[in-house]
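# Observations on the three-dimensional arrangement
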Amino acid sequence: MSDGMSGIAGRLTSGRRVVVKLGSSLLVDEDGLRAEWLSSVAQDVAVLRRAADVLIVSSGAIALGRGPIGYGTRPLRLEESQAAAAVGQIALAVAWSGALAGAGVRAAQVLLTLRDTEERRAYLNARSTIAELLRAGVVPVINENDTVATTEIRYGDNDRLAARVAAMVSADRLVLLSDVDGLYTAPPNESPDATFVAEVPRLTDEVWAMAGDAGSALSRGGMRTKLDAARVATEAGVAMVIASGRITHPLAAVDAGGRATWFHPRSDPGTARKVWIAGSLQASGALVLDDGAVAAIHAGRSLLPAGVAAVEGEFARGDAVRLLDRVGREVGRGLVAYDAADARLIAGEKTPTIAERLGPRVRSTMVHRDDMALAAAPPEVP
């Protein structure tokens with residue numbers, strides 16, 4: 001770990017895909033929406049998009065909806081929070097759409113629940129939608145779907161949601177804009193000897209101790225949840241930074257090397273994802289590939305239905321399957337884009353036939369190259 005200023009410029013703009021999270025207390029104050037500050041963030045996003053894809057994870061729906069619905073500032077029951085979120089989501093979407101439009105950027109609203117990042121079929125659907133938005137040059141503005149989430153399934157804070165999103169979309173940067181400017185060796189408002197920590201190479205026991213006891217009131221919704229997010233992000237190959245959101249143009253400040261705490265990833269996002277596919281998921285079935293398909297995937301291309309000679313076992317879309325050559329050797333594993341029944345219908349077929357047989361269920365690949373982990377070396381074809 002190192003103390004002092006972060007000091008390294010260009011760490012955001014050197015990324016390929018950046019997720020930015022900000023909380024309700026930054027977006028909304030006692031007077032309502034902090035429109036001028038939001039405009040500065042939108043301008044930062046517009047600049048950052050010249051170098052990288054940008055996604056936003058934004059709280060604020062409940063904070064924006066509780067006043068108009070007449071709830072004031074009192075604590076809310078679950079159903080009241082959900083009602084406030086239903087009202088506030090409209091205001092939140094309008095706020096982001098207007099601010100980003102003012103910076104020349106088009107926005108889209110994406111509402112997620114825990115299931116959407118943990119259940120593989122929903123995960124693939126969410127990932128595909130977000131990928132298409134980014135391809136179209138749109139900035140997704142993501143929030144937990146508080147209107148339908150329950151106490152049992154909701155994240156409870158958007159720090160961890162942002163980390164899950166960053167892992168899901170294979171981002172390489174995650175920015176948590178906060179009331180604090182980073183990690184300290186102790187709470188700075190309690191300990192005059194607390195020092196600022198600029199770099200965290202690993203999440204050691206010492207680092208966790210800096211966040212305080214998990215059961216303490218001080219840690220609830222505070223630094224502890226940010227370290228939880230750091231654990232998810234860094235294990236997925238994402239560099240995470242905690243920085244102050246209390247200033248205008250906070251992203252520009254981070255990219256200029258301003259004061260912030262950087263958590264180092266354990267690997268790159270692509271490698272982390274492939275390790276997860278290869279070693280953490282149980283294969284539900286198998287696809288037997290022809291020789292051309294084996295060569296194609298080892299050349300870095302996706303697996304197309306035309307290259308599948310046979311389908312073995314039963315599986316659902318999003319399940320992990322083994323990829324076998326024609327003599328039964330495993331050449332890799334991947335997340336399949338079709339259910340087993342549909343895969344059998346289109347195995348070995350070209351696009352026109354696939355479209356005729358599946359209609360609106362047609363997808364461009366059987367296993368996308370980003371959802372594939374290959375064996376160390378291609379087998380020799382006899």
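In the block above lies the structure referred to throughout.
Residues numbered from 1 in each chain as written. Predicted model: local features only at pLDDT ≥ 70, side-chain atom pairs only at ≥ 80, totals over all residues. Heavy atoms only, no water.

### Quick word on the sheet that holds strand β15 (residues 320-324)
Note the cut-off: A pair of strands counts as paired when DSSP detects no fewer than two bridges linking them. Where helices and strands are cited, they refer to DSSP runs of H or I of at least four residues and of E of at least two residues respectively, numbered from the N terminus. Here an angle of 0 to 180 degrees is reported between the N-to-C directions of two axes, which are lines fitted to C-alpha atoms, with helices fitted over the stretch in contact. In what follows, residue pairs with any heavy atoms lying within 4.5 Å of each other are defined as contacts.
Pairing in this open sheet of 5 strands is mixed, and the strands run β14-β13-β15-β16-β17 from one edge to the other. With partners counted over all chains shown, the strands left at the sheet margins are β14 (308-313) and β17 (372-374), one partner each. The sheet shows a mean angle of 20 degrees between the axes of neighbouring strands, taken without regard to direction. Pairing analysis gives 5 bridges linking β15 to strand β16 (residues 330-335), with the strands arranged antiparallel. Note on β16: the bridge partner recorded for Arg-322 is Arg-333. Set on the sheet, helix α12 (residues 291-298) makes contact with β13 (285-289), β15, β16 and β17; between it and β13 the angle comes to about 105 degrees.

### Digging into the pattern of salt bridges
Note the cut-off: Whenever a carboxyl oxygen of Asp or Glu lies within 4 Å of a side-chain nitrogen of Lys or Arg, that contact is scored as a salt bridge. Relative accessibility decides the category of a residue: with a 1.4 Å probe and only protein chains considered, values under 20% of the type maximum give buried, values over 50% give exposed, and everything between is partly exposed.
Following the criterion strictly, the structure yields 20 salt bridges and no others. Across the salt bridge formed by Asp-53 and Arg-17, the nearest N and O atoms sit 2.9 Å from each other. Here Asp-53 is found in strand β5 (residues 53-58), whereas its partner Arg-17 is found in strand β2 (residues 17-22), with 36 residues between them in sequence. Take Asp-53: its relative accessible area is 25%, and that puts it in the partly exposed class. A salt bridge links Arg-259 to Asp-181; the nearest nitrogen and oxygen atoms lie 3.1 Å apart.

### Regarding α12
In plain terms, the rule: This arc is built from the directions going out from the helix axis to the C-beta atoms. Definition of a polar contact: a pair of N or O atoms within 3.5 Å, with one able to donate and the other able to accept a hydrogen when the atoms are protein atoms, and with sequence-neighbouring residues admitted only if both atoms are side-chain atoms.
Taken residue by residue, α12 has Ala-293, Val-294, Ala-296 and Ile-297 as its buried positions. Taken around the axis of α12, the buried residues stretch over an arc of 165 degrees, which confines them to a single face. Looking at the buried positions of α12, the neighbouring elements they touch are β13, β15, β16 and β17. Its side-chain oxygen placed 3.2 Å from the backbone nitrogen of Gly-292, Asp-290 serves as the N-cap of α12. Immediately beyond the C-terminal end of α12, within one or two residues, lies Gly-300, with a positive phi of roughly 95 degrees.

### Here we look at the packing of helix α7 (residues 158-168) against helix α9 (residues 223-235)
As a reminder of what qualifies: Working definition: roughly parallel below 35 degrees, roughly antiparallel above 145 degrees, roughly perpendicular at 65 to 115 degrees, and oblique for all remaining angles. Polar here means any residue outside two lists: the nonpolar Ala, Val, Leu, Ile, Met, Phe, Trp, Tyr, Cys and Pro, and the charged Asp, Glu, Lys and Arg; Gly therefore counts as polar.
Interaxial distance between α7 and α9 falls to 8 Å at its minimum, and their mutual angle equals 10 degrees. In terms of axis orientation, α7 runs roughly parallel to α9. Each of Asp-159, Arg-160, Ala-163 and Arg-164 in α7 lies in contact with α9, whose residues at this interface are Thr-225, Lys-226, Asp-228, Ala-229, Val-232 and Ala-233. Along the lines of polarity and charge, the residues of the contact of α7 with α9 split into 4 nonpolar, 1 polar and 5 charged.

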